[in-house]
Every structure is written in structure tokens, then in C-alpha cells.
Amino acid sequence: MGLLQLLKSQFLCHLIICYVFLVSGLIINLLQLCTLPVWLVSKQLARRINIRLAYCISSQMVAILEWWSGTECTLYTDPKSYPLYGKENAIVVLNHAFEIDFLCGWTFCERFGVLGSSKVLAKKQLAYVPIIGWMWYFLEIVFCKRKWEEDRRTVNESLQKLRDYPENFWFLLYCEGTRFTPKKHQVSMQVAESKGLPKLKYHLLPRTKGFWVTVQSLRGKAAAVYDSTLNFRDNEMPTLLGLLNGKKYHADLYVRRIPLELIPEDEKECAEWLHKLYQEKDSFQEHYAKTGRFPGPIMSPPRRPWSLINWLFWSCLLLYPLGLLLTQLISSGSVFTIVASVAVCSAASLGVRWMIGQTEIKRGSNYGNKEVSLNNN
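Residues numbered from 1 in each chain as written. Predicted model: local features only at pLDDT ≥ 70, side-chain atom pairs only at ≥ 80, totals over all residues. Heavy atoms only, no water.

> Describe the packing of aromatic side chains, with residues and values.
Within this structure, the stated rule accounts for 17 aromatic pairs. An angle of 85 degrees between the planes, with centres 5.5 Å apart, marks the rings of Tyr 85 and Phe 112 as edge-to-face. Of this pair, Tyr 85 sits in the loop between strand E1 (72-77) and strand E2 (90-94) while Phe 112 sits in the loop between helix H5 (101-111) and strand E3 (119-123), placing them 27 residues apart in sequence. In this structure, Tyr 85 and Phe 112 share a single accessibility class: buried. Ring centres 5.5 Å apart and planes at 85 degrees place the aromatic pair Trp 170 and Tyr 226 in the edge-to-face group. Taken as a pair, Trp 170 in strand E5 (residues 170-173) and Tyr 226 in strand E6 (residues 224-232) lie far apart in primary sequence, 56 residues in all. (Phe/Tyr/Trp six-rings, centres within 6.5 Å; stacked < 30°, edge-to-face > 60°. Helix = DSSP H or I, 4+ residues; strand = E, 2+ residues; numbered from the N terminus. Buried < 20%, exposed > 50% of the residue type's maximum accessible area, 1.4 Å probe, protein only.)

Below, the structure is given as C-alpha cells:
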């Protein structure tokens, strides 16, 4: 282990990174709150401001993956489709099997210049979580309760509001509804057998109703579906804690651009189309397992410096006053202030570990663990 790698593995470095993220995130949330009056004057201006503010938060996590950990990201795609990425609205269908797959999705959003405006379909509870959840609220992220009768109306109304969105965006969608685990896969394949659907080896059954509503709501606004299949070399299962420790991974992403007009408008036909898509995604994963690569040419976009510049800006802005404060506390010699400082740092470290834990597969939701919950496609 080199000196730099040893430094990256130190908890103090992790604490500094998380301190910058947490404090800057709360400051940005406050700035987002201040944009509320702007909405009354110009909704489009408020949206553009929030896109930039959201980028200041999400790009810090991208910087951890790209610049701190040095993780490589390789894109396999059609050279004819490549020039369109980032220049049109799109629905991005991702597989959900890794703890940091969302971060890899953000990384490719960043490389094509749509990170600040990218959207996801998230659980309603996340809207109340500071920093990420609040950022998403101002970014007009689509929140759902995982109760179809309510979500159908909510998702449709939320997506309709994006029809006049001022900048290009990608809507990132995990059609499986939950992260892949062996237990969830077993339950999902029981449902597939009961419905006479082909079984999948590397994916759960896709949630067809949510996909259909998304496609129908964004017809005329989104130009295509980007079918995206992610994998990591050497059968690695990367974690956010591994990234903080400076561990380098290599992500491979296979993307197919499918024009939206090729997707059936009828709900039943759309469901059949999506099931066929996931059978193809399974075959791509099988090809990767056998050959160590996806089919097609490599057209990888280079990483951009803006996420690093943003992180360095917030680090310089927030670490200098923190250093002055710690110096004054230590020089004061007060036992109370020193103990209080240690207590605050300990609480912060526990909070950081809790946040990291929420990304771990073993800490994922129980959604999809019961057959009845998967039987409403």
C-alpha cells in the first residue's frame, strides 16, 4: 500500500470529506429554500438556479468516485447514438444490483453534462431527508409511496410538470423497483413462473406499470429510452465505504438508445416489450460473465474537471474556519470545550457511518421480499 493510498484509508480523511459534504449540503439546501420567492416571479429561472445548486451537491459524490477513488468508467455504445447523449431528454433504464450503481449513473450524467438536471423515481420518505432529499424536492424529483393506485396519479402529474423543463434531463429509472438480492430474485422468479414469464438470471422482474406511465407521460418530451446495463470487472461488489477508502474499481456500462416511438403505447404491449427488454439485458450480462466485456465498441467520454473544482471550492471555504475553530478550542485549554468537541466529532462520525450504511445491500428495504409485493406488475 502506497503512502497516498494509506492516507485515503484514514478515518480522519473520511470525516473531513463527509464534513464538507454535510455542511455544504445544508448551506445549499438553505440557498434552495431562498429560491422559493423566485418561483413566484419566474419558474424557469428558479429551475435553472436549482439545477446549478443541485450540481454542487451531487457532483461532490461523483468527485469521490472519479477523483478520490480513481474508479474507471467504460462506456459500450453505438457510435451513431453517442453524439446524441446529453443533447436530448431521455429515460434511462438501469439495473439495480450494486451498492453504488446510482453513483455510476450520476457519473455518466456528469460526463454528458446533465447531472444537475437528472431525475429519479424515489421513495416518498426520502423527500424529508436533509441534503439529498431536500435537494431532490427542489429539483422536482418524482416521489412515490409504492402504492400503485396513488402512485399512478402522482407520477403522471409530476412528470407532466416536466414537459416545459428548461434544460435537457435524464430520468433514471430502476424498473426492478428494488435492489437485486438472492432472496428477492428467488421470490421474483416464483412470480415469473406463476405468470408464465421467462425466468431471468441476473435481474428481477421489471415493474411494467411504472415504466408505462413514465413513457406515456414523457412522450413528446423525451426522445429515447437508454437501456443501460452496469457491471464491474473481476466480479467486484463495490461499496461506498470502499470508495472512501480510495479503492479503485472499474465499471463497464452498456447503453442502447431506443427511440421512444418504437415503444408501444398500449399498456399490455408495453409490458410485453419491457419483459423482452429485460430478457435481452440478461443475455448481455451473460455475455459479460463469459467474456469480461459487453458487445459493441467502446465510446467512453472523458471525465470532466468540474466536479473536482466544485469539491475543492467547498473544501477551501469550509475547512479554513474549521481549522481556526479547532485551534482556538485546543489553545483555550478548557476541558469542557475539548470534551464537547470530541463528542461532536464522535456524533458526526456515527452519523456518517449511518448514512453510508443506508447504501449497503444488506441494509436495503424489504420491498420485493414477499411474492405478493411483486405480483402487481
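> I'd like to hear about the pairing of E2, residue by residue, with values.
Walk down a regular strand and you will see the side chains alternate between the two sheet faces. For E2, the buried fraction is high: 5 of the 5 residues fall into the buried class. Residues Ala 90, Val 92 and Leu 94 of E2 are buried on one face, and the alternating residues Ile 91 and Val 93, pointing to the opposite face, are buried as well. Bridge analysis of E2 against E5 gives 4 bridges, and the strand direction is parallel. Residue pairing for E5: Val 93 is matched across the bridge by Leu 173. Across 5 bridges, E2 lies against E6 in parallel orientation. The residue bridging Ala 90 from the neighbouring strand is Ala 224, located in E6. (Pairing = 2+ DSSP bridges.)

> Explain H5 to me, using residue names and the numbers behind them.
Note: α-helices contain 3.6 residues per turn, so residues at a spacing of three or four share the same orientation. Burial runs high along H5: 10 of the 11 residues are buried. Looking at H5, one finds that the buried residues are Asp 101, Leu 103, Cys 104, Gly 105, Trp 106, Thr 107, Phe 108, Cys 109, Glu 110 and Arg 111. Phi turns positive one or two residues past the end of H5, at Gly 113, with a value near 75 degrees.

> I'd like a rundown of the nonpolar core, residues and numbers included.
Grouped together as the largest cluster of nonpolar side chains are 95 residues, with contacts concentrated most on Leu 103, Trp 106, Ile 132, Trp 136, Trp 170 and Phe 211. Counting residues per element, this core draws most heavily on helix H4 (residues 43-68), at 12 residues. Tyr 76, Tyr 254, Phe 284 and Tyr 288 belong to the second-largest nonpolar core, a separate cluster that totals 5 residues. (Core = buried A, V, L, I, M, F, W, Y, C linked by side-chain atoms within 4.5 Å.)

> Outline the pairing of strand E7 (residues 250-259), listing residues and values.
Among the 10 residues that make up E7, 7 are buried, leaving the element largely enclosed by the rest of the structure. In this structure, E1 lies alongside E7, joined through 6 bridges in parallel fashion. By the bridge assignment, Thr 74 is partnered in E7 with Asp 252. Across 9 bridges, the pairing between E6 and E7 is antiparallel. When the sheet's bridge partners are listed, Phe 232 is paired in E7 with Ala 251.

> Any details on the pattern of salt bridges? Residues and values, ideally.
For side chains bearing opposite charge, pairing can occur when the charged atoms are close. Evaluated as defined, the whole model comprises 17 salt bridges. Here Glu 167 makes a salt bridge to Arg 48, at a shortest N to O gap of 3.1 Å. Residue Glu 167 is found in the loop between helix H7 (148-160) and E5, and its partner Arg 48 is found in helix H4; the two are separated by 119 residues along the sequence. For Glu 167, a relative accessible area of 17% translates into the label buried. By relative accessible area, Arg 48 is classed as partly exposed at 37%. Notably, a salt bridge pairs Arg 257 with Glu 88, separated by 2.8 Å at the nearest N-O pair. Linking Arg 257 in strand E7 with Glu 88 in the loop between E1 and E2, this pair joins segments that are 169 residues apart in sequence. On the accessibility criterion, Arg 257 (23% relative accessible area) is partly exposed. Residue Glu 88 is classed as buried on the basis of its relative accessible area of 10%. By sharing partners, the salt bridges in this structure join Lys 43, Arg 47, Glu 140 and Asp 164 into a single network. (Salt bridge = Lys/Arg side-chain N within 4 Å of Asp/Glu carboxyl O.)

> Any details on the packing of H7 against helix H9 (residues 208-218)? Residues and values, ideally.
Viewed as axis vectors pointing N to C, H7 and H9 meet at an angle of 25 degrees, and their least axial separation amounts to 9 Å. Judged by the inter-axis angle, H7 sits roughly parallel to H9. The way H7 lies across H9 gives a crossing that is right-handed. Between H7 and H9, the residues in contact are Trp 148, Arg 152, Val 155, Asn 156, Leu 159 and Gln 160 and Lys 209, Gly 210, Trp 212, Val 213, Thr 214, Ser 217 and Leu 218, respectively. Residue composition of the contact of H7 with H9, grouped by class: 6 nonpolar, 5 polar and 2 charged. (Axes fitted to C-alpha atoms, helices over the stretch in contact; angles between N-to-C directions. Parallel < 35°, antiparallel > 145°, perpendicular 65-115°, else oblique. Left-handed = near helix turned anticlockwise from the far one by under 90°. Contact = heavy atoms within 4.5 Å. Nonpolar A, V, L, I, M, F, W, Y, C, P; charged D, E, K, R; others polar.)

> How would you explain the sheet that holds E2 if you had to name every residue and give the values?
The sheet built from 7 strands is open, its strands ordered E1-E7-E6-E2-E5-E3-E4 with mixed pairing. The sheet is open, and its two borders are formed by E1 and strand E4 (142-144), each paired with just one other strand. Going across the sheet, the axis of each strand differs from the next one's by a mean of 25 degrees, ignoring polarity. Packed on one face of the sheet, H7 meets E3, E4 and E5 and runs near 175 degrees to E4.

Spatial relationships are all this shows, so hold off on functional conclusions.
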